[in-house]
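These are the residues of each chain, in order.
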Amino acid sequence: MVDRNGCGHDRPVLTGSPRSPPPSFVEQANVSDPGIYDEFEENWPECWERAADLLSWRKPYETVLDDENAPSYQWFPDGTLNAAENCVDRHLESGRKTHTAIRWEGKHGERKTYTYRDLYVAINEFAAALRDLGVEEDDVVTIYLPMIPELPIAMLSCARIGAPHNVVFAGLSADALATRMDAADSEFLVTCDGYYRRGDAFNQKSKADNARLKLEQDVSTVVVDRLGDDLPHVLGDDEYDYHELRETFAGETIDPVPREAEDMLFLMYTSGTTGEPKGVVHTTGGYLSHAAWTSHAVLDVKPEDTYWCAADIGWITGHTYIVYGPLALGTTTVMYEGTPDYPDRDRLWEIVDRNAVDIFYTAPTAIRAFMKWGSEYPAGHDLSSLRLLGTVGEPISPRPWNWYYEHIGNEECPIVDTWWQTETGAVTVSTLPGVSEMKPGAAGPGLPGMDVRVVDSTGTEVDSGDSGYLTIARPWPGMARTLYDGDKRFQAEYWDRFSDPDTDDWRYFSGDTARIDEDGYITVLGRIDDVINVSGRRLSTTEIESAITGVAGVAEAAVVGRSSETNGTDVYAYVSTEGGYDDDAAVREAIIDSIETAIGPIARPTEILFTPELPKTRSGKIMRRLLEDVANGHELGDTSALRNPEIVGEIQAEIGEE
Ligand code: PRX
C-alpha cells in the first residue's frame, strides 16, 4: 500500500489552544454528563440501545449485536421498523402535525415550507405512485435530483415501501449515472427537467436521457418539473410527470412496510482505491439509530430547533444530517438549493438570520471561502440565534476554526469537528459539545462506544503525538454492512489490512492517516489510497486518470492532489502525449471534456501539466508520490532510483516557468 499523504509526510500538524464549551451551552445540552464515556465502555454493546431507543420499532429488538459472521455484523437484527414512519408518521401521532419538517430555500429566493403533515401527504402519494409504476420491496430506485424538496420526498417514499434508494449527486455526469444504475441493477429513476446553476437553466433531463441510452435494462423514469417554462421538456415512453402522479394518487395512503433492521435502506456510491465506484450498503435499523443518536448527542438537535446542514443530499452528509437524523428527531431541517455567494456573499447569513437557525453544519472549504471574503458579510446579520456550529468532510486547521468560532459563533457556540465517512454512516469521531474541551485542528476522540485507534503498519497503537493509520476496533450501528457488489470486496477494502481472522480480531481501516494526542484527540492527516478530497468531495485519482487516458493522443497521465487554500486539495494532472510533449489547447480541452463526461465538472483539474514523460521506478511504476511532492513544492527525497530521474528537473522547471 502506498502512503501518499499520510504517515511520515512533512505536512505541519497544528492544533490551537483548547477551549471549553460555553457554560450556557452545557446547561441545555442533550448530553452533558462526562460519565457517558465510561457508561458506554462498561456496558458495550448494550450501550447502543440508547441510540436504538430514539426510534419507534414495529417489533422491538432483543439482540443488540450479532457478531457471529464478523465483519458482517448485524445490529438489532430481530427488530423491525420503517424509516419513513420514524421520520414522519410518528411525529404526527405525537401531536406535531403542523410543525415544520422541511424549510426549503430556493436559489432565486423562492421558499417552501413542508409541515410534518405535508411531508406525510407527499410521501404517501409518491409511494403510491412508485408502487403503481411497479416498484416492489427491495427494488433499487435511483434518484438524480438537485436540492429540491422532491429529493427527500422521493427518498422517504422509497423507504416507506421498502425500496432502497440510490441517490446520485445531480452534478455527476450521464456516464457516472449510468455506471451507478448499471452496477445497482436499477430500473427506476427519479430526475427533473433541470435546475438553475447560477442564473442559468441547466438541463438535467438530457443527462438522464443519455445515461438511459447506455443501459441495457428498461428504466421507468419520473421527471420533476423544476423549471417550468424556463426549460420546456417532452416526456417520452415510460416517463412520468411527478406532479401528475401526485395528482393521480392524491389522498392515497400507503402503510409503511415493516423492514427488518438489517434490510437495506439505501445504497450510496463513493470513490475508492480503484476506478470503480463502491456501492456502500446501509441498513435500516443500525444506520437510522446511529443517525438519530449522533444528531442528538453531537449536533444537539432538539425538536423545537431550526437546524441547517448546508451540504448536498447527493452525498452521505446530506443523507444522514439533512434527511434521516434531523427528521427522525422531529426537528425543522433547512434545505438550501443555492450557493453561498449567490446573489451575494452574505446569502447563508441572511438565511440564518431570517430563519433564526439554531445549529449550522458545513464544510471547511466553505469556511475558508467565508474567511477569504471577509467578516463584514456575517457581521451584517443577526446570527445570535446560533447555538452550535459543526464542520465535516476535511481537516480544518486552527485559523479557519478560530475564524468560524469568532465571526459566526461569536465565541458562544461550541464547534464540533466531525470525522466520518460514507462507510461509517454517521459521525464516529468528534467532541461531545456539552462535555468535551475543543482543540482547534483536532476532530476529537472517538464518540462514546467507538474504539478508534491510530496504529502503525503492524497494527500496534502508536504513541501519543505520533501518526499512523486510522482504524476502528469495534463495530458500531451505522457502519456499512457490505458493498453492493459483494462481501469479498468489502472485506478486501476495509478489513484485510489490519484484521486477524484466525483470532476473530476485526479492525476496520478507514483509508485515512491521523495523529493522536495524549488526550486521544485525533487530527486527520489525509488518505493513503488513490482518493483525494476536493472541497470535501471524495474523488478517485484513478477514475480521473482513466478519463484522461481515454483522450486520443494521450499516452499517460498521473493525477495527484495539490494543497489549496480554498479547496483543501486541487486536482493536478500530469499528462504525456503520444508525440512526447504537446501542450496543445485542443488536447487540453479534450481532457477537460472527457473528465466532465466521465465524472462531472467537480473533477476538473485546476492544472494540467504536459510533460515528455512521467517519472517511473525501474519496474515501470509511475511515481505519483513524487509528483505530488513536486506539485506541492515539497522538498524531494532521493530520486536516483528512478529510471528517468532527469525528468523530475524538467517538470520542476516547467512548473517554475508558469
Ligand atoms: O478523509 C476523510 C475526510 O473525508 C473522507 C470521507 O469522505 P466521504 O465518504 O465523502 O464522507 C464525507 C463526509 C462524512 C474521510 O475518509 N473527512 C471527513 N470528515 C473529516 C475528514 N477529514 C478530516 N476531518 C474531518 N472532520
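Nothing here was measured: the structure is a model prediction, and the numbers come from that model. (Residues numbered from 1 in each chain as written. Predicted model: local features only at pLDDT ≥ 70, side-chain atom pairs only at ≥ 80, totals over all residues. Heavy atoms only, no water.)

Quick look at the packing of helix α13 (residues 364–373) against helix α15 (residues 398–408)
Two quantities define a packed helix pair, namely the angle between the helix axes and the distance between the axes. Rule in force here: Interaxial angles span 0 to 180 degrees and are taken between N-to-C directions of axes, which are lines fitted to C-alpha atoms, for helices over the stretch in contact. Only runs of H or I of at least four residues qualify as helices and only runs of E of at least two qualify as strands under DSSP, and these elements are numbered from the N terminus. For this classification, under 35 degrees means roughly parallel, over 145 means roughly antiparallel, 65 to 115 means roughly perpendicular, and everything else is oblique. It only takes one pair of heavy atoms within 4.5 Å for two residues to be counted as in contact. For this scheme, ten residues count as nonpolar: Ala, Val, Leu, Ile, Met, Phe, Trp, Tyr, Cys and Pro. Four count as charged, namely Asp, Glu, Lys and Arg, and the remainder, Gly too, count as polar.
One can describe the packing of α13 onto α15 by two numbers: an axis separation of 9 Å at closest approach and a directional angle of 70°. As far as their axial angle goes, α15 and α13 are roughly perpendicular. Packed against α13, whose contacting residues are I367, R368, F370 and M371, the element α15 presents R399, P400, W403 and Y404 at the interface. For the contact of α13 with α15, the residue count by class is six nonpolar, no polar and two charged.

A short note on the sheet that holds strand β28 (residues 554–564)
As a reminder, the rule being used: One requirement defines pairing of two strands: DSSP has to find at least two bridges between them.
Overall, mixed pairing links the three strands, which are arranged β28-β29-β30 in an open sheet. Of all the strands in the sheet, the pair left with one neighbour each is β28 and β30 (607–610). The average undirected angle you get between the axes of adjacent strands in this sheet is 25°. One ladder, built from ten bridges, connects β28 with strand β29 (residues 568–577); its direction is antiparallel. Across the sheet, the residue bridging to E556 is S576, located in β29. Helix-sheet contacts for helix α19 (residues 624–631) involve β28 and β29, and the interaxial angle to β28 is about 50°.

Some thoughts on the domain arrangement of the protein
So the rule is basically this: Residue ranges assigned to the domains are those given by an automatic or database domain assignment. Summed over both partners, the accessible surface that disappears when two parts come together, traced with a 1.4 Å probe, is what is meant by buried area. Criterion for a salt bridge: a side-chain nitrogen of Lys or Arg within 4 Å of a carboxyl oxygen of Asp or Glu.
One can read the domain layout of the protein as domain 1 (23–472) and domain 2 (530–656). For domain 1 and domain 2, the distance between their C-alpha centres works out to 33 Å. At the interface, 25 residues of domain 1 touch 22 residues of domain 2. Contact between domain 1 and domain 2 buries roughly 1,700 Å² in total, counting both sides, with carbon and sulfur atoms accounting for 45%. Summed over the shared surface of domain 1 and domain 2, the result is one salt bridge. Sorting the residues of the side of domain 1 that touches domain 2 by element identifies α7 (174–183) and α13 as the ones contributing at least two each. When grouped by side-chain class, the residues that make up the side of domain 1 that touches domain 2 number five nonpolar, twelve polar and eight charged.

Overview of the site of the ligand
For clarity, the cut-off: Working definition: residue near molecule or strand if any one of its non-hydrogen atoms lies within 4 Å of it. Under the rule applied, a polar contact is a pair of N or O atoms within 3.5 Å (in protein, one hydrogen donor and one hydrogen acceptor; residues adjacent in sequence only if both atoms are side-chain atoms). Residue-level accessible areas treat just the shown protein chains as cover; the underlying method is Shrake-Rupley with a 1.4 Å probe.
Around the ligand there are 17 residues in total, and D417, T418, T422, R527 and R538 lie nearest to it. T422 places a side-chain nitrogen or oxygen 2.6 Å from an oxygen atom of the ligand. In the model, an oxygen atom of the ligand is placed 2.7 Å from a nitrogen or oxygen of the R538 side chain. A total of 540 Å² of accessible area belongs to the ligand in isolation, and the protein chains cover 95% of it. Looking at the shell around the ligand, its residues break down into six nonpolar, six polar and five charged.

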